[in-house]
Amino acid sequence: MHNLTPLSGLIGGALIGLAAAMLMLLTGRIAGISGIFGGLLSPATHDRGWRIAFIAGLIAVPLIAALVAGAPLPSPTMPASLIVIVIAGLLVGFGSRMGAGCPSVHGVCGLALLSARSLVATAIFMAAAIFPVAIVRPGLYVFDAFSLREAASASLENDMGG
């Protein structure tokens, strides 16, 4: 299990925003992961250096942070077969190309730039994520205010060491 708290979410979100802003300011590029990775696959790419550094940072920084903090590294479990995971990955890649960007570029960078297209894309991404969960796990009360208040209270107590 993970120990996701409002404080860790705030810090993580701020770091993602800072990284996206720095990439935009320093290179003039938008921090869309699928575009950055896709650029590495193109044989004509002349700007591989920053792309490799960005992808390497995505992989290395969480590992380094876990080691520095003394936290155990998560061991992910794959609930589906490898074929299902490959098909899902291909669908996500196809959707990212079709939607002119992945959820990270629309949700973080596009909304920060007040892009109407990104607002619509992010709303569709969220609906596409919420709808199947509501069907598959009807007992999960996504909009139950009491449960959310209890979870937030317990999470804050955890952050404060209580």
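Residues numbered from 1 in each chain as written. Predicted model: local features only at pLDDT ≥ 70, side-chain atom pairs only at ≥ 80, totals over all residues. Heavy atoms only, no water.

## As for the overall build of the protein chain
Right, so step 1: Across its full length, the protein chain holds seven helices and zero strands.
Right, so step 2: The 162 residues of the protein chain split such that 16% are buried.
Right, so step 3: Residue pairs at least 24 apart in sequence account for 41% of intrachain contacts in the protein chain once pairs closer than 6 positions are excluded. (Helix = DSSP H or I, 4+ residues; strand = E, 2+ residues; numbered from the N terminus. Buried < 20%, exposed > 50% of the residue type's maximum accessible area, 1.4 Å probe, protein only. Contact = heavy atoms within 4.5 Å.)

## Some remarks on the side chain of T122
Right, so step 1: Tracing the backbone through its elements, the reader meets T122 in helix α6 (residues 116-136).
Right, so step 2: Its relative accessible area of 15% is what places T122 among the buried residues.
Right, so step 3: A distance of 2.8 Å separates the side chain of T122 from the backbone oxygen of S118, its partner in a polar contact.
Right, so step 4: Sequence-distant contacts of T122, defined by excluding residues within four places in its chain, comprise H106, G107 and L111. (Polar contact = N/O pair within 3.5 Å; in protein donor to acceptor, adjacent residues only side chain to side chain.)

## Points about the nonpolar core
Right, so step 1: A20, L23, A31, I36, L40, F54, I55, C102, V105 and C109 together form the largest nonpolar core, which totals ten residues.
Right, so step 2: Looking at this core, the elements with two or more residues in it are α1 (6-27), α2 (33-41), α3 (48-69) and α5 (103-112).
Right, so step 3: In contact with V105, not counting residues within four places along its chain, are I30, A31, G32 and G110. (Core = buried A, V, L, I, M, F, W, Y, C linked by side-chain atoms within 4.5 Å.)

## So, the side chain of S118
Right, so step 1: Residue placement: S118 occurs in helix α6.
Right, so step 2: Once residues within four sequence positions are removed from consideration, S118 is found in contact with H106, G110 and L111.

## Overview of a nonpolar patch on the surface
Right, so step 1: Together, L7, L10, I11, L15, L18, M22, L25 and L26 give the surface a local cluster of nonpolar side chains, amounting to about 870 Å² of exposed area.
Right, so step 2: Topologically, L15 is positioned in helix α1. (Patch = residues over 30% accessible without salt bridge, like charges linked within 9 Å, V, L, I, M, F, W, Y side chains within 5 Å. Areas by Shrake-Rupley, 256 points an atom, 1.4 Å probe, with all protein chains shown as cover. Salt bridge = Lys/Arg side-chain N within 4 Å of Asp/Glu carboxyl O.)

## Examining α5
Right, so step 1: For α5, the full list of buried residues reads V105, H106, C109 and G110. Along α5, the residues classed as buried sweep out an arc of 120° about the axis, all on the same side.
Right, so step 2: Where α5 is buried, its residues touch α1 and α6.
Right, so step 3: Among the residues trailing α5, L114 stands out with phi positive, at a value near 60°. (Arc of directions from axis to C-beta.)

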